[in-house]
Amino acid sequence: MSFKAEDTAAVLTQALPYIQRFSGSTVVVKYGGSAMDSDHLAGFAADIVLMQSVGIRPVVVHGGGPQIGEMMERLGLEPRFVDGLRVTDAETLDIARMVLVGRVNRDIVSAINVHGPLAVGVSGEDAGLIQARAENPELGYVGTVDTVNTAIIDRLLDESLIPVVSTIGADATGQALNINADTVAGILAGALGAAKAVFLTDVEGLYADPGDPSTLISVTTASDLDAMIAAGDLAGGMIPKATAAIHAVRHGVASAHMVNGTTPHVLLLELFTDSGVGTMVYPDSADQEATP
């Protein structure tokens, strides 16, 4: 695809105020689902590098559900889920740890580093980044986050590096735990004082009617999302995303976004254009008054 010089200039001019606004800000991007296949990874990596090149401080938090499921299938194991969260016994935990830390994280880091020595892979077990506990016997070795220690992330960002976080955490005894990546992204965004939290998924955003694409919700509030969850209007993997978005905006993040990660350059469309895409979640007035 080719553009006239004046079209390119117009695009850059539209992006300029957003570059100025977000330069120096931290943006947490949750990367997962169908957006993680090889056809989309190179474009995602280029977008992350462009963000970093214009002064934004990106932090990538990744899942790896499809890759874990694929490995389990190869081993003759059947995945089970409860409210969108993977049930994780000891064998599944070993698989998740191997796939997330040893494969997916390395693939993302390598794709970013094609553009220069920029990305550093980090596990939630590193430097006490994610302290968690297993509190639901039905889910097994699935962690609920107690605390995040952002020191290692802060140091990497201060060195103009791009942290790529795999969401295996640990409890007080050192037991590894599998933690939902959406949950970690929302909590980490709040702890880092991020300007935005962006959740890449494989649909356009949240729908008032999941069966009707014309009912896309462009803008909503944390309280409205609370109501949708309570009413049972969200199901499966959208529940952790919505809950994570709510946590982020109630802990100092100005806005959270759920967008289709399979759309080419969706991060740039969301960050640097007037229209934006997907669903934006922001704090309602009560949340804004409660947030320091």
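Above this text is the structure in question.
What counts, and at which threshold
- Residues numbered from 1 in each chain as written.
- Predicted model: local features only at pLDDT ≥ 70, side-chain atom pairs only at ≥ 80, totals over all residues.
- Heavy atoms only, no water.
- Salt bridge = Lys/Arg side-chain N within 4 Å of Asp/Glu carboxyl O.
- Helix = DSSP H or I, 4+ residues; strand = E, 2+ residues; numbered from the N terminus.
- Buried < 20%, exposed > 50% of the residue type's maximum accessible area, 1.4 Å probe, protein only.
- Axes fitted to C-alpha atoms, helices over the stretch in contact; angles between N-to-C directions.
- Parallel < 35°, antiparallel > 145°, perpendicular 65-115°, else oblique.
- Left-handed = near helix turned anticlockwise from the far one by under 90°.
- Contact = heavy atoms within 4.5 Å.
- Nonpolar A, V, L, I, M, F, W, Y, C, P; charged D, E, K, R; others polar.
- Phe/Tyr/Trp six-rings, centres within 6.5 Å; stacked < 30°, edge-to-face > 60°.
- Core = buried A, V, L, I, M, F, W, Y, C linked by side-chain atoms within 4.5 Å.

## Some remarks on the pattern of salt bridges
Moving on, step 1. For the coordinates displayed, the defined rule picks out 7 salt bridges.
Moving on, step 2. A salt bridge links Lys30 to Asp182, with the nearest nitrogen and oxygen atoms 3.5 Å apart. Here Lys30 is found in strand β1 (residues 26–31), whereas its partner Asp182 is found in helix α6 (residues 181–192), with 152 residues between them in sequence.
Moving on, step 3. On the accessibility criterion, Lys30 (7% relative accessible area) is buried.
Moving on, step 4. Asp182 is the partner of Lys241 in a salt bridge, and the nearest nitrogen-oxygen pair spans 3.3 Å. Here Asp182 lies in helix α6 and Lys241 lies in helix α8 (residues 238–249), a separation of 59 residues in the sequence.

## Observations concerning the packing of helix α3 (residues 65–74) against helix α4 (residues 90–113)
Moving on, step 1. The geometry of α3 relative to α4 is characterised by a closest axis approach of 9 Å and an angle of 125 degrees between their N-to-C directions. By the angle between their axes, α3 is oblique relative to α4. Both α3 and α4 take part in a crossing whose hand is right-handed. Contacts between α3 and α4 involve Gln67, Ile68, Glu70, Met71 and Met72 from the former and Thr92, Ile95, Ala96, Met98, Val99, Leu100, Arg103 and Val104 from the latter.
Moving on, step 2. Grouping the amino acids of the contact of α3 with α4 by side-chain chemistry returns 9 nonpolar, 2 polar and 2 charged.

## Looking at the packing of aromatic side chains
Moving on, step 1. Under the definition given, this model contains 1 aromatic pair.
Moving on, step 2. Taking the centre distance of 3.8 Å and the plane angle of 0 degrees together, the rings of Tyr31 and Phe44 count as stacked. In this pair, Tyr31 sits in strand β1 while Phe44 sits in helix α2 (residues 38–53), placing the two residues 13 residues apart along the sequence.
Moving on, step 3. Overall, the relative accessible area of 5% leaves Phe44 in the buried class.

## Notes on the nonpolar core
Moving on, step 1. Grouped together as the largest cluster of nonpolar side chains are 44 residues, with contacts concentrated most on Tyr31, Phe44, Ile48, Ile108, Ile112 and Leu200.
Moving on, step 2. Those elements that place two or more of their residues in this core are α1 (5–22), β1, α2, α3, α4, β8 (162–166), β11 (196–201) and α9 (266–272).
Moving on, step 3. Take this core: its biggest share by element is 10 residues, from α4.
Moving on, step 4. Residue contacts for Ile112: discarding those within four places in its chain leaves Ala45, Ile48, Val49, Leu118, Ala119, Ile162 and Val164.
Moving on, step 5. In this structure, Ile153, Leu188, Ala222 and Ala244 belong to the second largest nonpolar core, which totals 40 residues.

Function-wise, these values are silent; they only describe arrangement.
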